[in-house]
Amino acid sequence: MPKQKTKSSAKKRFKLTGTGKIKRKHAFKSHILTKKSKKRKLALTHSGLVDKADENSIKEQLRLK
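The text that follows walks through the structure, step by step, so that each part is easy to find. Computed from a prediction, not measured in an experiment: that's the story for all the values here. (Residues numbered from 1 in each chain as written. Predicted model: local features only at pLDDT ≥ 70, side-chain atom pairs only at ≥ 80, totals over all residues. Heavy atoms only, no water.)

### A few points about the overall build of the protein chain
1) Next: A count of helical and extended segments in the protein chain gives three helices and three strands.
2) Next: Starting at the N terminus, the α and β elements of the protein chain follow one another as α-β-β-α-β-α.
3) Next: Once the C-alpha set of the protein chain is aligned to its principal axes, its extents read approximately 50 × 25 × 20 Å.
4) Next: Counting the 65 residues in the protein chain, one finds 15% classified as buried.
5) Next: Counted over contacts in the protein chain with a minimum sequence separation of 6, partners at least 24 positions apart contribute 52%.
6) Next: Surface summary for the protein chain: the accessible area is close to 5900 Å², and the carbon and sulfur share equals 54%.
7) Next: The positive charge centre, built from 22 side chains, and the negative charge centre, built from 4, are 12 Å apart in the protein chain. (Helix = DSSP H or I, 4+ residues; strand = E, 2+ residues; numbered from the N terminus. Buried < 20%, exposed > 50% of the residue type's maximum accessible area, 1.4 Å probe, protein only. Contact = heavy atoms within 4.5 Å. Areas by Shrake-Rupley, 256 points an atom, 1.4 Å probe, with all protein chains shown as cover. Lys, Arg positive; Asp, Glu negative; His and termini not counted. Charge placed at Lys NZ, Arg CZ, Asp CG, Glu CD.)

Given below as structure tokens:
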């Protein structure tokens, strides 16, 4: 049986932290930035963690389960 491949899109978007949580970047920071406030753009710059409800789905895509 062949090896299972990870989803390339998930591989590019998510990283695992040392404690096993999944780190992600915020969306909506690539273009059309003139109408967004400075505060909003700064908040979108920082990375966040994936919600608990989505963790299993992403771990499956990354073949961690």
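### Details of the sheet that holds strand E1 (residues 15–16)
1) Next: The strand order across the open sheet built from three strands is E1-E2-E3, with neighbouring strands paired in antiparallel fashion. Two strands lie at the open edges of the sheet, namely E1 and strand E3 (48–49), each paired on one side alone.
2) Next: Judged from the two bridges that link them, strand E2 (residues 22–24) and E3 form a sheet pairing that is antiparallel. Considered in E3, the bridge of Arg-24 is made with Gly-48. (Pairing = 2+ DSSP bridges.)

### Overview of unusual backbone geometry
1) Next: One non-glycine residue, Ile-32, adopts positive backbone phi at about 55 degrees.
2) Next: You can see Ile-32 is positioned in the loop between E2 and helix H2 (38–45).
3) Next: With a phi close to 60 degrees, Arg-63 is a non-glycine residue in the positive phi region.
4) Next: Mapping Arg-63 onto the fold places it in the segment after helix H3 (52–61).
5) Next: Exposure remark for Arg-63: the relative accessible area of 34% places this residue in the partly exposed category.

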